[in-house]
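Analysis of the macromolecular model
Each chain is listed here by its residues.
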Amino acid sequence: LEHIDPKRTYVIVANHQSLADIVVLYQIRAQFKWVAKESLFRIPFLGWCLGLCKHISLRRNDRASIRDVYREAIAYIRSGMSVLFFPEGTRSETDVMNPFQSGAFKLALSEKVPVLPIVLNGARNAIPKGDWVMKSKVDCRISVLEPLETSGLGHDSASALSDTIRKRMEAELISLSVRA
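Let's talk about the overall build of the chain
Of regular secondary structure, the chain possesses six helices and six strands. Secondary structure of the chain in N-to-C order comes out as β-α-β-α-β-α-β-α-β-α-β-α. Over its C-alpha trace the chain gives a radius of gyration of 15 Å, about what one expects of a compact globule, namely 16 Å for 180 residues. Each principal axis of the C-alpha distribution contributes one length, and for the chain these read about 45 × 35 × 30 Å. Expressed as a percentage of its 180 residues, the buried residues of the chain come to 46%. Here the contacts in the chain between residues at least 6 apart in sequence split such that 68% fall between residues at least 24 apart. Carbon and sulfur atoms form 54% of the exposed surface of the chain, whose accessible area is close to 9,800 Å². Each charge class in the chain was averaged separately, 25 positive and 19 negative side chains, and the resulting centres sit 4 Å apart.

A closer look at the nonpolar core
In terms of nonpolar packing, the biggest core is built from 28 residues, with V11, V13, V83, F85, F105, I165 and M169 touching the most fellow members. Every element with two or more residues in this core is listed here: β1 (11–14), α3 (63–78), β4 (82–85), α4 (103–111), β5 (115–121) and α6 (158–179). Counting residues per element, this core draws most heavily on α6, at six residues. Contact partners of I165, with chain neighbours within four places excluded, come to V13, F100, F105, V115, P117 and L148. Core analysis: the next-biggest nonpolar cluster, separate from the first, contains 22 residues, Y10, I22, L84 and L116 among them.

What counts and how
Residues numbered from 1 in each chain as written. Predicted model: local features only at pLDDT ≥ 70, side-chain atom pairs only at ≥ 80, totals over all residues. Heavy atoms only, no water. Helix = DSSP H or I, 4+ residues; strand = E, 2+ residues; numbered from the N terminus. Rg over C-alpha atoms; globule rule 2.2 N^0.38 Å. Buried < 20%, exposed > 50% of the residue type's maximum accessible area, 1.4 Å probe, protein only. Contact = heavy atoms within 4.5 Å. Areas by Shrake-Rupley, 256 points an atom, 1.4 Å probe, with all protein chains shown as cover. Lys, Arg positive; Asp, Glu negative; His and termini not counted. Charge placed at Lys NZ, Arg CZ, Asp CG, Glu CD. Core = buried A, V, L, I, M, F, W, Y, C linked by side-chain atoms within 4.5 Å.

If you want it as structure tokens, here you go:
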């Protein structure tokens, strides 16, 4: 947690292994808003909490929704609230991360806020994809990497920023797997 400055605002990016990621990521003890797929907002209790806490709903493959997500995320960032994205877009079914989408990185560049990468390992075992029941005893590791500053980078740097962060996260995921 030493890489998190509670006085700073971040675009937080995390790999996505399971629905349990949501519970695990609250262990970083930082205030943030999620960007979550719209269907999660319709699940009893979970969806109600997402809505009441004013997290950000995204309709996949819908340009108007993506535009609305950016507007909401920018408003949160400008008010001092960090925003968390799963740049893979969906949960990975293997130990290898899915390719990253560029939205979180474009946002960080446009708002000149650092990207805070977080790597999770083991959450997949808590609630495997396609399952809704949380296992009670699972070893899950979380690693908060050093934030990457964006203030000196141009708007056209999203792809390079995404690649840099992804490589750092992949290396850490391998390291966490070896330590497990």
